[in-house]
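# Architecture and fold: a report
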Amino acid sequence: MLKQRLRNAFADREFIVRSQGQIRFVKLSSRTQIAAAAVAFALVGGSAASLGALALGHAAAGDRQTALAGREAQVAQEQARLARYREGVEARTEDLARRQQVLEQLMDAHLGSDGATDAALETSPAASASTATDPNKISAAVLSLRGLPTSAQLDRIEAQQFAMVDRLTRYADARSESAVAQIRGLGLNPNAMMVRARAAEGGPLQLLSTGTHGTIDPRFRALGKSLARMDSLENGLASIPQVSPAHVAYVSSSYGYRSDPFTGASAFHAGLDFPGPMGSPIYAAAKGTVTFVGQRSGYGNCVEVSHGNGLMTRYGHLSGFDAHVGEKVDAGTQIARMGSTGRSTGSHLHFEVRVNGNPVNPRPFLEAARNVQQQETR
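Please read all numbers here as calculations on a predicted model, not as lab measurements. (Residues numbered from 1 in each chain as written. Predicted model: local features only at pLDDT ≥ 70, side-chain atom pairs only at ≥ 80, totals over all residues. Heavy atoms only, no water.)

## Observations regarding the overall build of the protein
Counting secondary structure elements, the protein contains eight helices and 14 strands. Within the protein, the fraction of its 378 residues that count as buried is 33%. Put simply, 67% of the contacts in the protein that link residues at least 6 apart link residues at least 24 apart. When the accessible surface of the protein is split by element, carbon and sulfur atoms take 54% of a total near 22,400 Å². (Helix = DSSP H or I, 4+ residues; strand = E, 2+ residues; numbered from the N terminus. Buried < 20%, exposed > 50% of the residue type's maximum accessible area, 1.4 Å probe, protein only. Contact = heavy atoms within 4.5 Å. Areas by Shrake-Rupley, 256 points an atom, 1.4 Å probe, with all protein chains shown as cover.)

Written as structure tokens, this is what we have:
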């Protein structure tokens, strides 16, 4: 059937060909036509197959390029994410190091390397067994960070730093309250002392910062204020006369009204009289600066020591001086010798305590000193 159809489609044909004045007859049989058609079909099919394969190759190459571009974009995103993480970790590490520097600077300035301080911090109610209490350990942990630390490592060190800041703040506040109680026990106003202490301050500006752009964490700011308050109150307490100016057994004349030893009339005695042998050592009752060495009417040879916050102690009737104006003295430093110069009936020390120029009773200060010494002895 197919063979017959091919023969009908490709019937025998004759062609007249004229060439150079001659005429020839060319006959194409059905079989020849079929073979030629088959060859042509084969050529066309091969070309189509080649074109199809080429098109498929181009499509596959495009898919590969698209996939490669997608992978490159994903790699770029991961690299950008890693770069942002690295920058964040580096910034946190820098902040940790900066905070640790401020923490150690505050401790060195206000607490120093006091073993008692370390013990108090270890046993304070704020102490926790889960956090480091030694700033040196925290500093070592900060310095040990290498490469790209994990967030867990940074979080742990940060928690230790803030725990230490909280502990130091509580410790400083406790010491401040203790100083406030002692100052009030002496009949003085601790707030007024702090105001007077800040009346003359200065120096170059050196701001503390725990973060970028000069910022400071509020917890560190609170710690700095607590430490500054503690220092101010304890310095004020240390400047209050609490050391006996003479080592004698009793006081011959107290503060207040008495009969004048020369006239017998009622008079006001602005200090305490300590009787003792001529030349006995006289001591500064508190740390301060010697502001006067010489003679004053009624006092004879006299030494005055300024302790800050409006406090001044006066030592009269001396036989000799062991200090000079401008000298810094500590509590218990020998500054003079006992005598009987000026308006005096015998060898003794006239001792005064003055607040803003007004005399106050020295006895509460010296009694407080004895109580402190007894507590320390116990």
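## Details of the side chain of S253
Positionally, S253 belongs in the loop between α7 (218–238) and β3 (256–259). Assessed through its relative accessible area of 11%, S253 is described here as buried.

## Here we look at helix α5 (residues 151–185)
When the terminal C-alpha atoms of α5 are compared, their 51 Å separation across 35 residues agrees well with the 51 Å that a helix rising 1.5 Å per residue should span. Where α5 ends, the next residue or the one after it, G187, has phi of about 80 degrees, a positive value. (Expected span 1.5 Å × (residues − 1).)

## Some points on the nonpolar core
Considering soluble globular proteins, one finds that nonpolar side chains tend to be buried as a cluster. Residues I240, I282, V303, Y315, I335, L349 and F351 are the most contacted members of the largest nonpolar core, which totals 33 residues. Ranked by the residues each element gives to this core, the list is headed by strand β13 (residues 348–355), at four residues. Residues within four places of L349 in sequence aside, it is in contact with P245, A246, L272, D273, F274, I282, Y315, G316, L318 and M338. Ranked by size, the runner-up nonpolar core spans 15 residues in total, among them L103, L168, F220 and L223. (Core = buried A, V, L, I, M, F, W, Y, C linked by side-chain atoms within 4.5 Å.)

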